[in-house]
Amino acid sequence: MRSTDIQAIAKRTILLESEAVQQLSGFINAQFEEIVKKIAACTGKAVISGIGKSAVIAQKIVATFNSTGTQASFLHAADAIHGDLGMVREDDIILIISKSGESSEIKLLLPLIKNFGNPVIAMTGNPDSYLAANADYILNTTVEQEACPNNLAPTTSTTAQLAMGDALAVCLMEYNGFTSDDFAKFHPGGMLGKRLYLKVSDLFMKNTRPQVQENSKLKEIIVAITQNRMGATAVIKDGVIAGIVTDGDLRRMLQKEENLSGITAKDIMSRQPKCIEEDQLAVSALDMMRKNNVSQLLVTRNGLYAGVLHLHDLIREGII
């Protein structure tokens, strides 16, 4: 097989699956809205079940639900009839995923669930199936064909199931008013968690606060910048921030000036420096640095100078 053939197959697969996902929008209707409201009002949990590849998709939807504020558990359709059905409680809502809706395991499971009296949602690519006929609600994930050349291996169909699950999760997030603060509670680890909960106060060195006065001479400015290794020093006047001098300001001044003896901080400082309150999120500091093309921010506490946050502090903590 030629490389061009491999590329063509890959592109065809992606095109087929993207078209299938686009077609799902035609299945979003009043019943979809009712399903979202039903899950949101559930006082128990969403129990999501499937068999084969659909079971894998079910597990992903469970993970997405749990991380976005909708309590959910996975129930393998084959294991359900061997004891795992005991996890289902009377206030739970059941979502069963099956492309055909005719799997033997699904046909065994569904009557048992119905006997419990739990509402059942069917996510299926066959609206005329046994599953669809016996469910209370239907999520249609019909696809025209699988990306598999034999039209057999679940490919396009599982992509459609996954997209429909994401649509449910996002709708539930917005319907329930799930915010970024809520998201942070469930994602404390890794880079994502750090972006959501780390604040400027967690990063900048509180015992290092380089500063000079407006009338400070060049030597004093250089010492303040060098000793603290922040690449900058605040300029203070009457106890408040008047400006900032960075190592870049020093280099630019040296290129222009011949006589350095009378130069003070006031002569070379940047007025109205970029400042951020220590209770702001670290990711907000990163956004400010990027927008203003700077590598340091002066940190304030109730408007008063508290220290310097450097780009390296963000890099060290994995914010970037």
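Per-chain numbering applies: the sequence of each chain, read as written, is numbered from 1 onward. Per-residue local features are limited, in this predicted model, to residues with pLDDT of at least 70; the limit for side-chain atom pairs, both in listing and counting, is 80 or more; totals at the level of whole chains, interfaces and linings are taken over all residues. Here the side-chain values reflect all heavy atoms present in the structure, with hydrogen atoms and water set aside.

Engineer: Would you take a moment to explain the sheet that holds strand S10 (residues 275-277) for this structure?
Structural biologist: One key point about sheets: their strands pair by backbone hydrogen bonds, in either a parallel or an antiparallel sense. A pair of strands counts as paired when DSSP detects no fewer than two bridges linking them. By the criteria applied, helices consist of DSSP H or I runs no shorter than four residues and strands consist of E runs no shorter than two, each listed in order from the N terminus. Read from one edge to the other, the open sheet built from three strands follows the order S10-S11-S12, with strand pairing classed as mixed. In this open sheet, the two edge strands, each paired with only one partner strand, are S10 and strand S12 (304-310). Direction aside, neighbouring strands of the sheet carry axes that sit 35° apart on average. Two elements, S10 and strand S11 (residues 296-301), share three bridges in a ladder whose sense is parallel. Looking at the pairing, Ile-276 lines up with Val-299 of S11. Only C-alpha atoms enter the line fits that serve as axes; for helices the fit covers just the stretch in contact. Angles between N-to-C directions range over 0 to 180 degrees.

Engineer: Would you mind going over the nonpolar core with me for this structure?
Structural biologist: Buried together is how nonpolar side chains tend to be arranged in soluble globular proteins. Ile-48, Phe-65, Leu-95, Ile-121, Leu-139 and Leu-168 are the most contacted members of the largest nonpolar core, which totals 28 residues. Residue assignment for this core shows that the elements contributing at least two residues are helix H1 (3-24), helix H2 (30-41), strand S1 (46-50), helix H3 (53-67), strand S3 (93-98), strand S4 (120-124), strand S5 (137-140) and helix H7 (156-175). The criterion used for residue contact is that any of the two residues' heavy atoms lie within 4.5 Å. In this structure, Leu-168 is in contact with Phe-32, Ile-35, Val-36, Phe-65, Leu-95 and Leu-139, ignoring residues within four places of it in sequence. Remark: nonpolar core denotes a set of buried residues (Ala, Val, Leu, Ile, Met, Phe, Trp, Tyr, Cys) joined through side-chain atoms within 4.5 Å. Summary of the burial criterion: residues with accessible area below 20% of their type's maximum are buried, those above 50% are exposed, and those between are partly exposed, where the area comes from a 1.4 Å probe applied to protein chains only. Ala-77, Ala-80, Ile-94 and Ile-113 belong to the second largest nonpolar core, which has 17 residues in total.

Engineer: Looking at this structure, I do not really get the environment of Asp-128. What am I missing?
Structural biologist: By secondary structure assignment, the location of Asp-128 is in the loop between S4 and helix H6 (130-134). Note on Asp-128: relative accessible area 72%, which makes it exposed. The sequence separation of Asp-128 and Glu-102 amounts to 26 residues, and the corresponding C-alpha distance is 9.8 Å.

Engineer: What exactly am I supposed to notice about the sheet that holds strand S2 (residues 72-76) here?
Structural biologist: Strand order in the open sheet formed by five strands is S2-S1-S3-S4-S5, with parallel pairing between adjacent strands. Across the chains shown, the open sheet's two edge strands, defined by having one partner strand only, are S2 and S5. Going across the sheet, the axis of each strand differs from the next one's by a mean of 20°, ignoring polarity. Where S3 meets S4, five bridges bridge the pair, whose relative direction is parallel. Its bridge partner lying in S4, Leu-95 is registered against Ile-121.

Engineer: How should helix H11 (residues 247-256) be read in this particular structure?
Structural biologist: Helical geometry note: an α-helix holds 3.6 residues per turn, so side chains three or four residues apart project in the same direction. Inspection of H11 places Gly-248, Asp-249, Leu-250 and Met-253 among the buried residues, and these make up the whole buried set. Turning to H11, the residues buried within the fold contact helix H10 (218-228), strand S8 (240-246), helix H12 (265-268) and strand S9 (270-271).

Engineer: Looking at this structure, how should I read the side chain of Thr-64?
Structural biologist: Within the element layout of this structure, Thr-64 appears in helix H3. Given the relative accessible area of 16%, Thr-64 is considered buried. With sequence-adjacent residues up to four places away left out, Thr-64 is seen in contact with Asp-166 and Ala-169.

Engineer: It is not clear to me how the packing of H3 against H7 should be interpreted in this structure. Could you clarify?
Structural biologist: Geometrically, a packed helix pair is captured by the angle between its two axes and the distance between the axes. Viewed as axis vectors pointing N to C, H3 and H7 meet at an angle of 20°, and their least axial separation amounts to 10 Å. By the angle between their directions, the pair H3 and H7 is classed as roughly parallel. The two elements H3 and H7 meet at a crossing, and its hand is right-handed. For the pair H3 and H7, the contacting residues are Lys-53, Ser-54, Ile-57, Lys-60, Ile-61, Thr-64 and Phe-65 in the first and Thr-158, Gln-161, Leu-162, Gly-165, Asp-166, Leu-168, Ala-169 and Leu-172 in the second. With respect to orientation, any angle under 35 degrees is reported as roughly parallel, any angle over 145 as roughly antiparallel, any angle of 65 to 115 as roughly perpendicular, and every other angle as oblique. Each crossing gets its handedness from the near helix: less than a right angle anticlockwise from the far helix is left-handed, clockwise is right-handed.

Engineer: So what exactly am I meant to see when it comes to the pattern of salt bridges here?
Structural biologist: Pairs can form between side chains of opposite charge whenever their charged atoms are close. What counts as a salt bridge is simple: a side-chain nitrogen of Lys or Arg found within 4 Å of a carboxyl oxygen of Asp or Glu. Evaluation of the coordinates by the stated rule reveals ten salt bridges. Of the charged contacts, one joins Glu-146 and Lys-99 as a salt bridge, the two residues approaching to 2.8 Å between their closest N and O atoms. Of the two residues, Glu-146 sits in the loop between S5 and H7 while Lys-99 sits in the loop between S3 and helix H5 (104-116), which places them 47 residues apart along the sequence. Residue Lys-99 is classed as partly exposed on the basis of its relative accessible area, which comes to 35%. Across the pair Lys-107 and Glu-102 runs a salt bridge, and its minimum N-O distance is 3.0 Å.

Engineer: Help me understand the state of the cysteines, please; the structure alone is not making it clear to me.
Structural biologist: Note: disulfide means a covalent bond formed between the sulfur atoms of two cysteine side chains. For this text, the term disulfide refers to a pair of cysteine sulfurs within 2.5 Å. A full pass over the atoms with the stated rule returns zero disulfides. Looking at Cys-42, it has no disulfide partner, and the nearest cysteine sulfur is the one in Cys-171, 17 Å off.

Engineer: Help me understand the environment of Ile-276, please; the structure alone is not making it clear to me.
Structural biologist: With respect to the secondary-structure elements, Ile-276 resides in strand S10. For Ile-276, a relative accessible area of 4% translates into the label buried. Each C-alpha atom of the pair Ile-276 and Arg-301 lies 8.7 Å from the other, and the pair is 25 residues apart in sequence. Beyond its immediate chain neighbours, meaning those up to four positions away, Ile-276 contacts Val-200, Ser-284, Ala-285, Met-288, Leu-297, Leu-298, Val-299 and Thr-300.

Engineer: It is not clear to me how unusual backbone geometry should be interpreted in this structure. Could you clarify?
Structural biologist: Despite not being glycine, Gln-272 has its phi angle at roughly 50°, a positive value. Assignment of secondary structure puts Gln-272 in the loop between S9 and S10.

Engineer: Honestly, the pairing of S11 in this entry has me stumped. Any pointers?
Structural biologist: Within a regular beta strand, the side chains point alternately toward one face of the sheet and then the other, so they alternate between its two faces. Burial within S11 is extensive, with five of its six residues counted as buried. Convention used here: a crossover is right-handed provided that the path from the first strand, over the helix, to the second strand proceeds clockwise when the strands point away from the viewer. Crossover handedness for the path S10 to helix H13 (residues 282-292) to S11: right-handed. Two strands pair when backbone bridges link them, and S11 and S12 are joined in this way by six bridges, in the antiparallel orientation. Bridging across to S12, Arg-301 finds its partner in Leu-304. Between the end of S11 and the start of S12, which pair antiparallel, lie two residues, with Asn-302 showing a positive phi angle near 55°.

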